[in-house]
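A structural walkthrough
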2 protein chains.
Amino acid sequence: MDVISRMAPVGAKINHPCAACRMLRRRCGDNCLLAPYFPTQEADNFVGVHKVFGSSNVIKMLQTVKETEREDTVKSMVYEASARLRDPVYGSAGAIFHLQKLVKELESELDLIRARVLESQEQQNQLLRILMDVHHLPPISPFEDIMFDCENLI
Amino acid sequence: MDVISRMAPVGAKINHPCAACRMLRRRCGDNCLLAPYFPTQEADNFVGVHKVFGSSNVIKMLQTVKETEREDTVKSMVYEASARLRDPVYGSAGAIFHLQKLVKELESELDLIRARVLESQEQQNQLLRILMDVHHLPPISPFEDIMFDCENLI
């Protein structure tokens, strides 16, 4: 599950001051921009983004995106804030560095194993040619992905 | 090259107000915390972190880490700020999501190709057994990674 969908969905109607307004000690009106994304019961999320980005930057960021994109914007900011608080030196850039390294390792492993598959196919083709010679059978197309029935060659 | 080492190293002695002090219109003293990491000529880096994290949060973050870790801290914050300004909805979490997806795809591809290697090895073993029978040779150990000389089997 990815970093965005792991997080809880936006809550329904908010009856209490949202986590942001509660922390900032201000009135939480019906038109509070933060309330739908920081319900009272998820105070930690706001504490995190407030510490890392600052409330005013969170608000500015939400104002720059479409309303339909605000939930994902908050989730990604909560994720980044949490990564930064866990690892103040590298934050989520550390996760990116780690994943980039992993991708390179997997790509190298794939290159190696692909080369091995080609080599193995060539060896099978050699074996098949030998068997064709032994049984004086007409040449067949090189063996690649086709399945064969060894019993018929004996 | 990773996200950290791509960036320029910390500059030498600063003679002008650093990019941070210049933007914040304050005196840049010899003991300015930001000067070593935001030289005058790299103003964009500070503009980015200021917009996304806010100057006071950048300073707080630098104060929480060891001096030897400050350069990497700034570089990772500059990277994250740049990612957030480029993609206000997903920021660097978007890059993480993309890389996680890529890792899963590469792992699935590796699993598939490993299964194909095993199948191919089993087919080679079958072919070798048939050749052994044809030439009435004593059984040999299953063919796996060993190289063989087909000429000797004819």
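Residues numbered from 1 in each chain as written. Chains lettered and ligands numbered in written order. Predicted model: local features only at pLDDT ≥ 70, side-chain atom pairs only at ≥ 80, totals over all residues. Heavy atoms only, no water.

Under an unreviewed UniProt entry, the name given to chain A is LOB domain-containing protein 1-like, and the organism recorded is Nelumbo nucifera. Checking UniProt for chain A, the heading Sequence similarities (unreviewed entry) contains the comment "Belongs to the LOB domain-containing protein family." (UniProt positions renumbered as here; feature names shortened; annotations may be inferred.)

So, about the packing of helix H3 (residues 55–64) of chain B against helix H4 (residues 70–86) of chain B. Residue and element names in this part refer to chain B. Contact geometry for H3 and H4: axes closest at 9 Å, N-to-C directions at 145°. Along this stretch, H3 crosses H4, giving a crossing that reads as right-handed. Between H3, through Val58, Met61, Leu62 and Gln63, and H4, the contact on the second element is made entirely by Arg70, Thr73, Val74 and Met77. Tallied by class, the residues present in the contact of H3 with H4 amount to five nonpolar, two polar and one charged. (Axes fitted to C-alpha atoms, helices over the stretch in contact; angles between N-to-C directions. Helix = DSSP H or I, 4+ residues; strand = E, 2+ residues; numbered from the N terminus. Left-handed = near helix turned anticlockwise from the far one by under 90°. Contact = heavy atoms within 4.5 Å. Nonpolar A, V, L, I, M, F, W, Y, C, P; charged D, E, K, R; others polar.)

All right, on to the interface of chain A and chain B then. Contacts between the two partners involve 62 residues from chain A and, on the opposite side, 62 residues from chain B. Looking at the side of chain A facing chain B, the largest losses of area belong to Val89, Ile96 and Leu127 of chain A, adding up to 11% of the total buried there. If you look at where chain A meets chain B, you find four salt bridges. Here glutamate 109 of chain A and arginine 114 of chain B are joined by a salt bridge, their closest N and O atoms 2.4 Å apart. (Buried area = accessible area lost by both parts, 1.4 Å probe. Salt bridge = Lys/Arg side-chain N within 4 Å of Asp/Glu carboxyl O.)

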